[in-house]
Amino acid sequence: MDCLVCRCSVYDTRVSLFTRPASLVSHLSFVRYPPKVLIMSKFSWRISCDATPTKQINPQIEESRQRRHNAMKQFLLEECCFSSSQITLLISKDPSLFRRRSTDRAYKALQLLRDSGFTVEQIRKAIIRNPTILIRSVDDHLKPRIEYLKTIGIAEEDVNYIVCRHPRILTSKLDITLAPNILSLIKFFGSKANLLKAVRRAPWVVSYHIEVVNNKLKVLENTGLLEHEIKRILERDPRFLCSSVSKIEKNMEFLTCTVGLKPNVVVKYPQFLNLSVERRMRPRYEVFKYLNASRAGHDLTTSLVTILTISERDFTQRFLSGSPDVKRLYEKYKGKTVDVEVTELLPTHPR
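How each quantity is defined
- Residues numbered from 1 in each chain as written.
- Predicted model: local features only at pLDDT ≥ 70, side-chain atom pairs only at ≥ 80, totals over all residues.
- Heavy atoms only, no water.
- Core = buried A, V, L, I, M, F, W, Y, C linked by side-chain atoms within 4.5 Å.
- Buried < 20%, exposed > 50% of the residue type's maximum accessible area, 1.4 Å probe, protein only.
- Helix = DSSP H or I, 4+ residues; strand = E, 2+ residues; numbered from the N terminus.
- Contact = heavy atoms within 4.5 Å.
- Expected span 1.5 Å × (residues − 1).
- Arc of directions from axis to C-beta.
- 1 Å grid on protein atoms, 1.4 Å probe; cavity = no way out; pocket = protein on both sides within 12 Å on 5 of 7 lines; lining within 4 Å.
- Points joined across faces, edges and corners; volume = space filled by probe spheres on them.
- Nonpolar A, V, L, I, M, F, W, Y, C, P; charged D, E, K, R; others polar.
- Disulfide = S-S within 2.5 Å.

> What should I look at first to understand the nonpolar core in this one?
Here is a general trend for soluble globular proteins: nonpolar side chains tend to be buried in one another's company. One finds L76, I182, L220, F240, V266 and F272 to be the most contacted residues of the largest nonpolar core, which totals 89 residues. Per-element tally for this core: the top contributor is helix 9 (residues 174-189), with 7 residues. Excluding its chain neighbours within four sequence positions, the residues that come into contact with F272 are N251, L255, V265, V266, M281, V305, L308 and T309.

In structure tokens, the structure reads:
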């Protein structure tokens, strides 16, 4: 069993925790987390320890760690023009970035991006989205992937845009992941031009294995959509490929079974596949049903598209705030009753 304080294995059986408290206290003193109070009862025990260990930190190690941290921070401030808040975000996303012994790789990676035509803003966005870029080898990882994207016919400005939107391309495995996926997607879309159109809308598509794409398209096929309709959806909005198979199934089931629309509605409105059923579509559909309860012959599809796709601010102003039955609509939208004035709950959206 593991010690609850230092997480190291000190006992083999649970019984010994109750029968050998003295040994436990001795062990905790050995690992330099001295207990203040040992509370024992018939069925439980608890130890109150100092919040900080008594073991002293080597000042040379701490000084070296701080020096590496400051060197990377200075590089990001001066060379990449990051703000302090952005650097804090990078620390939370990849703390290992600030433990590097040298910033040589970071300088080389930055120079490669500059030489490849990336703007300052594109470089900042790419690093924030994937800080690992700064610690990867330029010759072994970064440069071969940029060159590969150019060799398959993607223009330099498109390469920069794709990498900026999805910088994990630069750290993915070229021979195992990136190259096979792109070749399979070219065959799937029919041409490099069609693939490029999809990649401009959803750059992360190139990271998906063709089997993953086929599994998501199979969901649409099972609802009765034809092959040319599915390809039309991909052309109009390939971003739905970012959704999981379960989400696509859930959205199609909601649209066809709950709302009663035909499956081919997503051919004209593919953005339905990207929306959340629980957070957006179902609450707004409840409001839609309440508003249209007495409207015979109303265009269901057109009105539903409007109510589902507009922004939260416009939805609040058009369908909640301006209605005389605002409290009832708000309860439908939130799925619960409210006892306070609804106008206090409605968010304000200054223009």
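> What is the right way to look at helix 13 (residues 245-258) in this model?
Structural remark: α-helix, 3.6 residues per turn; residues separated by three or four positions point the same way. A rise of 1.5 Å per residue sets the reference length of helix 13, with its 14 residues, at 20 Å; its end C-alpha atoms lie 19 Å apart and thus fit the reference within 8%. Regarding helix 13, the residues found buried are I248, N251, M252, F254 and L255. Buried residues of helix 13, seen end-on, are gathered within an arc of 155° and therefore sit on one face of the element. Contacts made by the buried residues of helix 13 are with helix 11 (210-222), helix 14 (265-268) and helix 15 (277-291). Once helix 13 ends, the next one or two residues include G260, with phi positive near 90°.

> I keep staring at unusual backbone geometry and nothing clicks. Help me out?
A negative phi angle characterises most non-glycine residues, just as the trans form characterises most peptide bonds. Its identity is not glycine, yet C81 carries a phi of approximately 60°, on the positive side. With respect to the helices, strands and loops of the structure, C81 is situated in the loop between helix 3 (59-78) and helix 4 (84-93).

> In this structure, what is going on with the layout of surface pockets? I would like to understand it.
Gaps left between atoms are located by rolling a probe of water-molecule size over the structure's atoms. Quantified by volume, the largest pocket comes out at close to 220 Å³. Lining the largest pocket are F188, F189, G190, N194, K197, A198, R200, R201, K231, L234 and E235. The element that contributes the greatest number of residues to the lining of the largest pocket is helix 10 (residues 192-201), accounting for 5 residues. The class makeup of the residues in the lining of the largest pocket is 4 nonpolar, 2 polar and 5 charged. Put simply, the second largest pocket is a space of about 180 Å³. What lines the second largest pocket is F188, N214, L217, K218, E221, L225, L226, E227, I230 and K231.

> Please clarify how the state of the cysteines should be interpreted in this entry.
One way to say it: the disulfide is the covalent bond shared by the sulfur atoms of two cysteines. The full count for this structure, using the stated rule, is 0 disulfides. There is no disulfide at C80, and the cysteine sulfur nearest it, in C81, is 7.5 Å away. On the basis of relative accessible area, C80 is assigned to the buried category, the value being 3%.

> Which parts of the structure should I look at to understand helix 11?
Over its 13 residues, helix 11 extends 18 Å from the first C-alpha to the last, a length consistent with the 18 Å expected when each residue adds 1.5 Å. For helix 11, the complete set of buried residues consists of I210, V213, K216, L217, V219 and L220. For helix 11, the elements touching its buried residues are helix 9, helix 12 (227-236) and helix 13. Looking one or two residues beyond helix 11, the residue adopting positive phi is G224, at roughly 105°.

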